[in-house]
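The residues making up each chain are set out below.
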Amino acid sequence: MLRLWACLLLLGSIQIQAVPFYGDSSSEEVAEFDDSSDSTHESSDNSSFMPHLTHPLPAHRNLFAPLPYAPFAPLAPLEPQDPMHAQASQRMASVWSGPAPLAPQLHSSSHLLPLFSSGYDTEFVPLEHQQQPQGRQETAATVPAQTPNGVEQKPFNVDTITTDVNSPNPAIFFQQSFPFFGNEFFNSFGGFGFGAAQEPWWKGPNVCTEKEEDETVATETEAEETVDTFGQERDGVTNVVRSPLFGQFQFSVNSCAEKPNKHVCTKIVNQNGKKKTLTLTRQCCYGYGRPRNADFTTPCEKIDIKDVEATASDMGAKQFLESARTAGELADMLGAGSGKKVTLFVPNDAAFMEYRGHHQQENNVEDAKAEASKPSIYKLHAVLGEVQLEDVPNEKLLQTELPDQKIRINSYQLPAALGLEPYRFAANCVPIEKHDKLSEQALVHTLGGVLKPLTKNLMDIIRERADMSIMRTVLEKTNLSAMLEDDKPVTIFVPTDAAFDKLEPHLRRALKEGRGCASNILKNHLLDLTFCSLATVPGAKTTAYNLLGEPLLLNRTHRAANQTGPTPIYINNLAKIIDADIMGTNGVLHVIDTILPTESALPMTSLMSQKNLTIFQRLLEASGYDDQFDDLDNVTIFAPTDKALQNTEWARMLKEQPELLNHNLDLLEFLNYHVVKPMIKTCDLSEKSLPTVAGSSVRLNLYSTHALFSDVMNRATVNCARLVHFDDESCGSVLHQVDRALTPPKNNMLKLLEANPNYSKFLELVRKANLTQLLSNDSRSLTLLVPKNDVFEELNESGEGSKPADPMALVKTHIVEDVVCCAGIIPTNWPFVRSIESISGQHLRITRDRRPKIENAGVTKCDVVATNGILHEINDIIVPRPQRQQQQRPQLIPPGAGYQPQGDFDVFF
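Scope of this entry: the structure provided in the associated data block.

Rules and cut-offs
- Residues numbered from 1 in each chain as written.
- Predicted model: local features only at pLDDT ≥ 70, side-chain atom pairs only at ≥ 80, totals over all residues.
- Heavy atoms only, no water.
- Helix = DSSP H or I, 4+ residues; strand = E, 2+ residues; numbered from the N terminus.
- Buried < 20%, exposed > 50% of the residue type's maximum accessible area, 1.4 Å probe, protein only.
- Contact = heavy atoms within 4.5 Å.
- Pairing = 2+ DSSP bridges.
- Disulfide = S-S within 2.5 Å.
- Axes fitted to C-alpha atoms, helices over the stretch in contact; angles between N-to-C directions.
- Phe/Tyr/Trp six-rings, centres within 6.5 Å; stacked < 30°, edge-to-face > 60°.
- Lys NZ or Arg CZ within 6 Å of the ring centre and 35° of its normal.
- Parallel < 35°, antiparallel > 145°, perpendicular 65-115°, else oblique.
- Left-handed = near helix turned anticlockwise from the far one by under 90°.
- Nonpolar A, V, L, I, M, F, W, Y, C, P; charged D, E, K, R; others polar.
- Patch = residues over 30% accessible without salt bridge, like charges linked within 9 Å, V, L, I, M, F, W, Y side chains within 5 Å.
- Areas by Shrake-Rupley, 256 points an atom, 1.4 Å probe, with all protein chains shown as cover.
- Salt bridge = Lys/Arg side-chain N within 4 Å of Asp/Glu carboxyl O.
- Lys, Arg positive; Asp, Glu negative; His and termini not counted.
- Charge placed at Lys NZ, Arg CZ, Asp CG, Glu CD.
- Core = buried A, V, L, I, M, F, W, Y, C linked by side-chain atoms within 4.5 Å.
- Polar contact = N/O pair within 3.5 Å; in protein donor to acceptor, adjacent residues only side chain to side chain.
- Arc of directions from axis to C-beta.

**Digging into the overall build of the protein**
Along the protein, the regular secondary structure elements total 30 helices and 39 strands. By residue count, 49% of the 909 residues in the protein fall in the buried class. Look at the contacts in the protein between residues 6 or more apart in sequence, and 66% of them connect residues 24 or more apart.

Have a look at this one:
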């Protein structure tokens, strides 16, 4: 222990030169990957330089397990390199400059590894099992969705294993950064590890190795160097240079993927504009295999290989091959004795017998076998080459022995919690039930159905269906038909004509005419992949993302006790798939009984109906201008709720005399006053006036309802009508709901006073104070607090109401240079009391009890809108507090020098 710590402390004085991490359990593997290596390797104990970097760690010792040292050999010093400016090939190994250290003599035998070369060829460095710790064997056996080593199977894409210094495993990081310490360094802290390292299956017997090498010209993107946000300089695809840590070192990162019977490692090297790809594949030799979900140490064992018909019979699929032999097609399917490898997709007996019966009933053919014996049926199920499904990428097209006919292979990952196989496979959306069974003549997969020749694309199928005429028209008008005629894979959920009849009239009209956002509604039914029904599992919800980027939730119901046939699938708990897996040459089609709406594509009137704004929507329809509203784009609509409209004159006319509303210009002005350009969401609202489609403007105000955080604006009003629901998007526009109908103001403040006889005494004071010009100025935004005449009369009767000595001071106390709506006045308690400032400089406290309250006066009538502000009717004359009392009260924020009031909501104790 002390010796190890001494080595760490002496790093500053001892300069170390390290070699690249080539080691495997067999030195032959190094030479196998690099033909240019002329070094010889000898090892009596079958160990290597750094076994803990390449050996998989067993389950019980994946963190602090002790591993034997491998000795250092003295090496000649290399020339110092600046890793941040070195060439690509010079950044492939770890380099410390300086004389070599003394090699610790911990083993009796040793061998010398080849020095790293800056040439093009470099040693392969497998780094698998470092990122993913091995799981316990007994645990892995109970989770079929995972491989025994705890790493999730992804057989269709190569998983890149990188030496990430942010790895959650500190032992792995330390071993990568300071390999000369070995794993014993951690074991010295407490001796957590025990047992010997276990060999993976691909290093055991009966494993065959294939090496592929490919050299291409690197693209500009692959060749250029980039620096990421963590300060790591990256070169090309796989080479990473880390920042210095106790010296300078580098990593060569490779990718490895493990499959049940195959272990593939790939290295990509970029140098001087050339990209070299080296692939090393280890797999069980012919005639050997491993059980599915076997432990990573389970070796390749000999398997029993039978004749193809016997193999198919064991898999429950003998009828198809017997029929093919009877028709004289089996020999051709198997390559006619040419020795070529063949893959057969064989329907199981139940599926093939159902196919026969179906054709006998449909075509009234006496000999159903003759119908089923067409050569196209058999050759459509045969593919040249040995196709193991775990090696086939999703959406792969396999050429069959039938000319111009291909099989599309799809794979779908299942959640591990279901306890099923980790992947489901489909051939032309026909479920592949058993797969990768080797026979003497072919590799056999069994199907849950019979493959049929595909000659039409998805758009051709839609054109031929009589029950899809509306969908065909809409697809052609929106130019989305071209996507369904392309070669790229597509899934479309097609509603029938009957489904269109269920739609609300405005949406149906918009779709049939292809106007507005009709294309968005169609994109809600499209996926840019092939989604077969077998991807759904009873009891599990499957999510697929459509062309709008919105999720579609598919749910397959559980099978009832007496139910036959497939269980139904529902989309978004709304549409039912009534005919699934209709294959075309470019994807799959599913027939649904209901159109899948999306709010972002609904016409505005349809969105109003969906949001229960029925009175406003019916006013639009009664006016005859509903189509005009649906055609609006980039607008904001403030729609009153039904509660806000139910007692209005327009609602009465809608109920009693709807014929008077047709093309009523006053109604049109009322409706247009609720529409503002452009589209503004709540996050973009600010205090300002906005012009409406009717011509006049509405005033937006923002308020805070937080007692403490008064600067956080979380309430918005338009002409003092509060936004109660907001940000419902509709085809390029947005809908906000307000709690009050908006009416264009006709008068300014002065005219409002003159028009109401109850305000005559206050108007008299305004005239005596010579403030009539202020209240008639339309460029101002004011709040006027008006006591009614009876307030003055009550004061006179009590003897307190003698004429004020200074009418101007009294009136100015009742005028605020801002718009303060009642919706912005909230209940507050000491010490967080809010105030507004009148134009006389007095701070007036505002709060709310049963009603809004301003100082000593309660608001009896709120938000009378004028062209230059709003008017509140109050039940008392406001008497501001004496100035000295305000100064004596402690403030939450001491004013200090240069203090300026913070608007309407200053905070006081």
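**Re the pairing of strand β16 (residues 430-438)**
Judged from the three bridges that link them, strand β15 (residues 423-427) and β16 form a sheet pairing that is antiparallel. Its bridge partner being in β16, A427 is matched across the sheet by V430. Judged from the four bridges that link them, β16 and strand β17 (residues 443-447) form a sheet pairing that is antiparallel. Within β17, the position partnered with K434 by the bridge is T446. Where β16 hands over to β17, the hairpin turn is made up of four residues, counted between the paired strands.

**Re the state of the cysteines**
Tallying each qualifying case throughout the model produces six disulfides. Between the sulfur atoms of C208 and its disulfide partner C285 the distance amounts to 1.8 Å. On the S-S bond that ties C208 to C285, the torsion sits near 115 degrees, and the link is right-handed. In this pair, C208 sits in strand β1 (residues 207-217) while C285 sits in the loop between β8 (274-284) and β9 (288-289), placing the two residues 77 residues apart along the sequence.

**Some words on the sheet that holds strand β13 (residues 396-399)**
Read from one edge to the other, the open sheet built from seven strands follows the order β12-β11-β17-β16-β15-β14-β13, with strand pairing classed as mixed. Since the sheet does not close on itself, it has two edges, and those belong to β12 (382-384) and β13, each with one partner. Strand after strand, the sheet turns through a mean of 30 degrees between neighbouring axes, direction not considered. Bridging between strand β14 (residues 406-413) and β15 involves five bridges; their strand directions are antiparallel. Opposite I409, over in β15, you have A427 as the bridge partner.

**Focus: the packing of aromatic side chains**
Under the criterion given, the structure shown has five aromatic pairs. Judged by centre distance (6.4 Å) and plane angle (20 degrees), the ring pair of F352 and Y355 falls under stacked. With a gap of three residues between them, F352 and Y355 both fall in helix α11 (residues 349-363), about one helical turn apart. When its relative accessible area of 9% is taken as the criterion, Y355 is described as buried. Aromatic ring contacts, followed pair by pair, group F320, F352, Y355 and Y378 into a single cluster. One cation-aromatic arrangement involves K302 over Y288; the distance from NZ or CZ to the ring centre is 5.4 Å.

**Thoughts on the packing of helix α20 (residues 614-623) against helix α24 (residues 665-672)**
Running from N to C, α20 and α24 cross one another at 140 degrees; their axes reach a closest spacing of 10 Å. One finds that α20 runs oblique with respect to α24. Considering the relative orientation of α20 and α24, their crossing is left-handed. Side by side, α20 and α24 meet where F616, L619, L620 and S623 of the first sit next to L667, F670 and L671 of the second. For the contact of α20 with α24, the per-class residue count stands at six nonpolar, one polar and no charged.

**A word on a negative patch on the surface**
Negative charge collects at one region of the surface, where D790, E793, E794 and E797 lie side by side. Here E794 lies in helix α28 (residues 789-798).

**So, the sheet that holds strand β7 (residues 262-271)**
Ordered by their spatial adjacency, four strands build an open sheet running β1-β8-β7-β6, and the pairing between neighbours is antiparallel. Pairing within the sheet leaves two strands with one partner each, and these edge strands are β1 and β6 (255-259). Averaged over all pairs of adjacent strands, the angle between strand axes in this sheet comes to 15 degrees, irrespective of strand direction. Relative to β8, β7 runs antiparallel, the two sharing 10 bridges. What sits directly across from V269, in β8, is K276.

**Here we look at unusual backbone geometry**
For the bond running from K677 to P678, omega is 0 degrees, close enough to zero to count as cis. Looking at where P678 falls in the secondary structure, it is placed in the loop between β26 (675-676) and β27 (688-691). Of note in the backbone geometry, C429 takes a positive phi value of approximately 65 degrees without being a glycine. Looking at the element boundaries, C429 is found in the loop between β15 and β16. With a phi close to 60 degrees, N612 is a non-glycine residue in the positive phi region. In this fold, N612 is placed in the loop between α19 (604-610) and α20.

**Quick look at the nonpolar core**
Among the nonpolar cores identified, the biggest contains 55 residues, and L475, L484, I492, L511, L589, L619 and I637 are the most heavily contacted of them. For this core, the element with the highest residue contribution is α20, accounting for five residues. Those residues in contact with L475 that lie beyond four places of it in its chain are M459, I462, L480, S481, L484, I492 and L522. In this structure, L753, L771, I815 and I877 belong to the second largest nonpolar core, which totals 25 residues.

**Re the environment of D332**
In this fold, D332 is placed in helix α10 (residues 330-333). Since its relative accessible area comes to 36%, D332 is described here as partly exposed. Remark: the alpha-carbon pair of D332 and K379, spanning 47 residues in sequence, is separated by 8.2 Å. The residues contacting D332, other than those within four sequence positions of it, are K379 and E401.

**Examining the pattern of salt bridges**
Within the structure shown, the criterion is met by 24 salt bridges. D728 is paired through a salt bridge with K611; the nearest N and O atoms lie 3.6 Å apart. Note that D728 is positioned in strand β30 (residues 721-730) and K611 in the loop between α19 and α20, a separation of 117 residues in sequence. We classify K611 as partly exposed; its relative accessible area is 21%. The network of salt bridges with common partners includes D460, R463, E476 and E485.

**A closer look at the side chain of R834**
Following the sequence through the fold, R834 ends up in strand β34 (residues 833-837). At 2.8 Å, the side chain of R834 forms a polar contact with the backbone oxygen of S704.

**Section: the side chain of T536**
Structurally, T536 can be placed in the loop between β19 (526-527) and β20 (541-545). Within polar-contact distance, the side chain of T536 engages the backbone oxygen of S533 at 2.7 Å. Among residues more than four places away in sequence, those in contact with T536 are R424, F531, T542, L554, R556 and I569.

**Some words on helix α26 (residues 760-768)**
Three or more residues of α26 are buried, namely F762, L763, L765 and V766. End-on, the buried residues of α26 take up no more than an arc of 160 degrees, which puts them together on one face. Close packing links the buried residues of α26 with α25 (749-755), α27 (772-775), β32 (782-787), α28 and α29 (807-813). Taken from the residues just after α26, N770 is the one with a positive phi, measuring 55 degrees.

**Re α24**
Those residues of α24 that sit buried are L667, L668, F670, L671 and N672. At the N-terminal boundary of α24, the capping side chain belongs to N664, with an oxygen 2.9 Å from the backbone nitrogen of D666.

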